[in-house]
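If you want the building blocks of each chain, they are given just below.
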Amino acid sequence: MPYLVREHLFIGNIGDAAEILQNGSNEITHILSVLSSASISFFSEWRSGISIPCKEIRKVYVGDSGPEDVSHDMSKTSLSPDRLLYSLEYAGKDLKFVRMAVPLRDMESEDLLDYLDVCLDFIEDSRKEGSVLVHCFAGVSRSAAIITAYLMKSEQLSLEDAIESLKQSCESVCPNDGFLEQLKMFEQMGFKVDHANSIYKRFRLKVLGDSYNRGEKIDGSKFVADPGLTAEIVSSNVEASAGKQAPPTPAYRCKKCRRVIALQENVLDHVPGEGETCFEWHKRRSRNSFSRSDDNECSSIFVEPLRWMKTVVEEGALEGKLTCAHCEARLGYFNWSGIQCSCGSWITPAFQLHKSRVDISTI
Ligand SMILES: [Zn+2]
Ligand SMILES: [Zn+2]
């Protein structure tokens, strides 16, 4: 039996969903399936003899501009551009249910964040039209993570409070640790998935690092556009629209040839002198004022991987030098396994520019 979480919102497992889809329901009208496959055939693979009718409404892939009024900017996400984001269909007895299916595995490394927007919108809309069941396989991790995010956003609850509240309805909920970490980021970004936020950028880099460590080829399109090329466009636009002054953008240039190599927004800040990785969110808050880091000022900045980093994109090496795309001066170093900054912090993966090799100016 599915558990009631809020008015018109239920959580359940695959058995609950199968039973409702086969036999109908007096209450539930919408189903959000979060399973490793979005196909309705997942149910018959799970239990032979089950056959659930369905009629496709639409399939949306990462990178699609989205249907009519809904536009999800997925260009800066961590997801591969050809991946299925969700499918929407009429399903079940008399095709009476609207089912949205999202392909997501229950793994710590799985990118939950980039599915939250579409899932939370679906839950919100479904509750206006009827009642929605959110289910995964066991009803413990994936569905719980999504409902937790929904409660956080709709009721402005902290992660801890949202989970606590969900446990009142369904005791067994327990999102995996990777999902919990991402839900914490969701909270820190103000209950939204903000691709421009440095929290998200660091997450994106970690996802990229994970896929490198799994031996996958790094997709250069996931690297940030070369500001050395776009900066010229920016400045010529500024000249063209003389009179209207654009706010100055801080930029890092190669000290030798003055080529723009990174913008301020490409820099991933770290807390000087702190622990092992930039992903210890909890440590972040507990930093004390007696930090010894004052003595060890950072000698480097760390940036997102940028498209001018040819050694990274083309050679697929674990580590190597970063050289200027124009004059080939040495600017820094990269290492997918991480680099320790002079302040003591470990940055993983790391794309490091030595402060002594770059100048800061504005564009
Ligand atoms: Zn540092
Ligand atoms: Zn240069």
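Predicted, not measured: the structure shown is a model, and the values here were computed from it. Numbers given for residues are sequential positions, taken from 1 along each chain in its written order. By the order in which they are written, chains take letters starting at A while ligands take numbers starting at 1. Confidence filtering applies because this is a predicted model: local features only for residues at pLDDT of at least 70, side-chain atom pairs given and counted only at 80 or more, and all residues used for totals across whole chains, interfaces and linings.

Engineer: Sorry, what's going on with the nonpolar core here?
Structural biologist: Nonpolar side chains in soluble globular proteins generally cluster together in the buried interior. Ranked by size, the top nonpolar core spans 60 residues in total, and within it Leu32, Val102, Leu116, Cys119, Ile123, Ile147 and Ala149 carry the most contacts. For Cys119, the residues in contact, after removing those within four places along its chain, are Leu32, Val102 and Ile146. One finds Ala251, Cys254, Val303 and Leu306 within the second-largest nonpolar core, a separate group that totals 27 residues. Joined through C-beta atoms within 7 Å, a set of buried Ala, Val, Leu, Ile, Met, Phe, Trp, Tyr and Cys residues constitutes a nonpolar core. Here a residue counts as buried when 20 or more other C-beta atoms fall within 10 Å of its C-beta, as exposed when 12 or fewer do, and as partly exposed in between; the C-beta atoms come from the backbone. In this description, a residue-residue contact is defined by the distance between C-beta atoms placed from the backbone, which must lie within 7 Å.

Engineer: Is there a simple way to explain the sheet that holds strand 7 (residues 132–135) in this structure?
Structural biologist: Two strands pair under a simple rule: DSSP has to find at least two bridges between them. Secondary structure elements follow DSSP: runs of H or I of four or more residues count as helices, runs of E of two or more count as strands, with numbering from the N terminus. Pairing within the open sheet is mixed, and its seven strands lie in the order 1-2-7-3-6-5-4. Strands at the two margins of the open sheet, each flanked by one partner only, are strand 1 (3–6) and strand 4 (54–61). Each neighbouring strand pair of the sheet contributes to a mean axis angle of 20°, computed without reference to strand direction. Inspection of the sheet shows strand 2 (residues 9–12) paired to strand 7 by four bridges, in the parallel sense. Bridge pairing links Phe10 to Leu133 in strand 7. Running over the sheet, helix 4 (residues 142–155) touches strand 1, strand 2, strand 3 (30–35) and strand 7 and is turned about 130° from strand 7. Every angle, taken between N-to-C directions, lies between 0 and 180 degrees, and every axis is a line fitted to C-alpha atoms, over only the stretch in contact when it is a helix.

Engineer: Can you help me understand the packing of helix 3 (residues 113–129) against helix 4 in this one?
Structural biologist: Axis angle and axis distance: for two packed helices, these are the angle between their axes and the distance between the axes, and together they describe the pair. The contact between helix 3 and helix 4 brings their axes to 10 Å, and the two run at 70°. Viewed along their axes, helix 3 and helix 4 adopt a mutual orientation that is roughly perpendicular. In this structure, helix 3 contributes Leu116, Cys119, Leu120 and Ile123 to the contact, and helix 4 contributes Ile146, Ala149, Tyr150 and Lys153. Gly falls in the polar group here, along with every residue not listed as nonpolar (Ala, Val, Leu, Ile, Met, Phe, Trp, Tyr, Cys, Pro) or charged (Asp, Glu, Lys, Arg). Classifying every residue of the contact of helix 3 with helix 4 gives seven nonpolar, no polar and one charged. Angle categories: roughly parallel below 35 degrees, roughly antiparallel above 145, roughly perpendicular from 65 to 115, and oblique for all the rest.

Engineer: What should I look at first to understand helix 4 in this one?
Structural biologist: Owing to its 3.6 residues per turn, the α-helix aligns residues three or four sequence positions apart on the same side. Along its 14 residues, helix 4 runs 20 Å from first to last C-alpha, staying within 8% of the 20 Å computed at 1.5 Å per residue. Those residues of helix 4 lying buried are Arg142, Ser143, Ala144, Ala145, Ile146, Ile147, Thr148, Ala149, Tyr150, Leu151 and Met152. The first or second residue beyond helix 4 is Gln156, which carries a positive phi of 50°. Each residue after the first adds 1.5 Å to the expected span of a helix.

Engineer: How do you make sense of the environment of Leu159 when you look at a structure like this?
Structural biologist: Relative to the helices and strands, Leu159 resides in helix 5 (residues 159–169). It is 6.3 Å that separates the C-alpha atoms of Leu159 and Lys184, two residues lying 25 residues apart in sequence. What Leu159 contacts, discounting residues up to four positions off in sequence, is Met152, Leu183, Lys184 and Glu187.

Engineer: Got a minute to help me understand the confidence of the model for the protein in this structure?
Structural biologist: Reading fine detail from the predicted coordinates is not recommended where pLDDT is low. Known as pLDDT, the predictor's confidence for each residue is given on a scale from 0 to 100. Within the protein, residue pLDDT values average 87, and 86% of them lie at 70 or more. Segment residues 276–293: pLDDT under 50, and 21 contacts once partners within four positions in sequence are set aside and those in other chains are kept.

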